[in-house]
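Here are the chains, one letter per residue:
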Amino acid sequence: MNTEKASQALIATGETSGETSIAPTDTKRRRFLTRSASVAGTLATGGVTANAAAQEVPAWMKSPGAPMRGYGTPSKFEEPVKRPFASGYATVSPGTGSSRTPHQSLEGTITPSGLHFERHHNGVPDIDPAKHELLIHGLVTRPLVFNLATLSRYPMISRTHFVECAGNSGANSGPKPAQTTVGGIHGLASVSEWTGVPLSLLLNEAGIASGAQWVLAEGADSAAMTRSVPLTKIMDDAMVALYQNGERVRPEQGYPMRLLLPGWEGNMNVKWLRRIKVTDAPTHTKDETSKYSDLQPDGKARQFTFELGVKSIITFPSFGHKLDRRGPYELTGIAWSGAGRISRVEVSADGGASWSNANLQGPIYSKSFTRFRLPWEWTGTAAVLQSRAIDEKGNVQPTRQAFTSQYVAGMSYHNHYIQSWAIAADGSISNVYA
Ligand SMILES: Nc1nc2c(c(=O)[nH]1)N[C@H]1C(S)=C(S)[C@@H](COP(=O)(O)O)O[C@H]1N2
Ligand SMILES: [Mo]
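First, a word on scope: everything that follows refers to the structure included in this document. (Residues numbered from 1 in each chain as written. Chains lettered and ligands numbered in written order. Predicted model: local features only at pLDDT ≥ 70, side-chain atom pairs only at ≥ 80, totals over all residues. Heavy atoms only, no water.)

**With respect to the pairing of strand β18 (residues 342-348)**
Inference 1: Buried residues dominate β18, accounting for five of its seven residues.
Inference 2: Bridging between β18 and strand β19 (residues 356-357) involves two bridges; their strand directions are antiparallel. Residue pairing in the sheet places Val-347 in a bridge with Ser-356 of β19. (Buried < 20%, exposed > 50% of the residue type's maximum accessible area, 1.4 Å probe, protein only. Helix = DSSP H or I, 4+ residues; strand = E, 2+ residues; numbered from the N terminus. Pairing = 2+ DSSP bridges.)

**Regarding the environment of Ala-389**
Inference 1: Inspection of the secondary structure puts Ala-389 in strand β22 (residues 383-391).
Inference 2: The class of Ala-389 is buried, set by a relative accessible area of 0%.
Inference 3: Residues Ala-389 and Ser-312 lie 77 residues apart in sequence; the distance between their C-alpha atoms is 5.7 Å.
Inference 4: Here Ala-389 is in contact with Val-310, Lys-311, Ser-312, Ala-335, Ile-342, Arg-344, Val-345, Asn-395, Val-396 and Gln-397, once residues within four sequence places are set aside. (Contact = heavy atoms within 4.5 Å.)

**Examining the site of ligand 1**
Inference 1: In the vicinity of ligand 1 lie 20 residues, with Phe-117, His-121, Asp-221, Arg-258 and Lys-271 positioned nearest.
Inference 2: A distance of 2.7 Å separates an oxygen atom of ligand 1 from a polar backbone atom of His-121.
Inference 3: Measuring from an oxygen atom of ligand 1, one finds a side-chain N or O atom of Gln-253 at 3.2 Å.
Inference 4: Sort the elements by how many residues they give to the shell around ligand 1 and strand β3 (residues 118-120) lands first, with three residues.
Inference 5: Considering only residue class, the shell around ligand 1 consists of six nonpolar, eight polar and six charged. (Near = heavy atom within 4 Å. Polar contact = N/O pair within 3.5 Å; in protein donor to acceptor, adjacent residues only side chain to side chain. Nonpolar A, V, L, I, M, F, W, Y, C, P; charged D, E, K, R; others polar.)

**What about the nonpolar core?**
Inference 1: Ile-136, Leu-199, Leu-202, Ile-234, Val-240, Leu-259 and Leu-273 are the most contacted members of the largest nonpolar core, which has 34 residues in total.
Inference 2: Listing elements by their share of this core, those giving two or more residues are β4 (134-138), β5 (144-146), α3 (148-151), α5 (199-206), β8 (214-219), α6 (231-237), β10 (239-244) and β13 (273-279).
Inference 3: With four residues, α5 is the single largest residue contributor to this core.
Inference 4: Not counting chain neighbours up to four residues away, the residues in contact with Leu-199 comprise Ile-136, Ile-234, Ala-238, Met-239, Val-240, Leu-259 and Ile-276.
Inference 5: Core analysis: the second largest hydrophobic core is formed by 32 residues, Phe-32, Phe-369, Leu-385 and Ala-389 among them. (Core = buried A, V, L, I, M, F, W, Y, C linked by side-chain atoms within 4.5 Å.)

**Some remarks on the side chain of Ser-99**
Inference 1: With respect to the helices and strands, the residue Ser-99 is situated in strand β2 (residues 97-99).
Inference 2: A relative accessible area of 1% places Ser-99 in the buried class.
Inference 3: A distance of 2.6 Å separates a polar atom in the side chain of Ser-99 from a polar atom in the side chain of Glu-118.
Inference 4: Excluding its chain neighbours within four sequence positions, the residues that come into contact with Ser-99 are Arg-83, Pro-84, Phe-85, His-116, Phe-117, Glu-118 and Leu-188.

Spelled out as structure tokens, the structure:
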């Protein structure tokens, strides 16, 4: 079949249907197909003509299956789908470092709890929930202490939000693009449905004293990690999260309770939360002075970058995948913003020369991953795939040039510039700086 003709035909079908599509800016190079075309089945090329009579009864239909299990795990055939991890302190504190969500192997928008990325400053503490306490003190009229039982008396909320480390995508700030998977580059971001108690309820009960502007949040790990948070954020949408995807928060994510600050840099989402001190000013802790600050060319550093920038990544196809035939593919990826909902994702197959709107999959939650998809015809020639997200506040994901020019070379925090995947004529994929 002539793929050239086929793709033109599909575009025509979509254009007359009036469905959510895609007006390619360059009609000679248009390779993006429409959703209606794929819905009509014209993209289905995976099935092979069948001979129904020849289908055999497989071995697993000939004996009883396995018994029930108290707690399920993925199929043994999915064993390779894992969080890769690295610790720089393997002999002293092997738990210090990070592990990454393998976005290249996942679909949808919720990260399975066992694949949520991890970032620990001194390993995962082994906390007995019966002995864990949360203290609220400082500029309050009445200091209060809670345990898991007393916290559970409060009304709870469930919210689906991402957590993203400020160091995510730091592999793209080196002089050369890292040749690794999308999870290896961008895997310090994950989404869970979090359930817990709005922190504003607890602070209102403690009574906010005059002069209160900030809080200090402290974790119960041996790093005793601490961060300052403006009181406005605490009263807006901060949560003491007790549940993750319906079950108790995992030890790696802060069991039995963590601070959740939707859309704000991962480091501030203090895990194993044990103390909230209400203050009149930021405390200037280690992690908000020597770390997580962004050095600019004038020698000054931006100290507090709280809200994370609008961002998107193509997860298929990406490094490590290989296109094994010419013809139609569905491009897909995730987009998110610390400022709110994703309103649009554009995709380019020519390194940013022309863009087409991707289809966004609902429901679209604020400060969460939004899955995007776009049918694409690969003609077997070199291409550079990019995605560009726009959020409801009008923030547009920056180019590499626009992002990096704000900082000194190699500044590796808060990186959210447009990712480029180069498809070679043989179908192999590499990370490129475009
Ligand atoms: N107490 C404590 N809280 C912590 C950390 C830590 O080491 N100790 N790491 C922080 C960092 S740097 C990030 S990016 C997030 C990571 O959350 P996760 O491990 O649940 O993905 O937790 C933050 N909260
Ligand atoms: Mo982090």
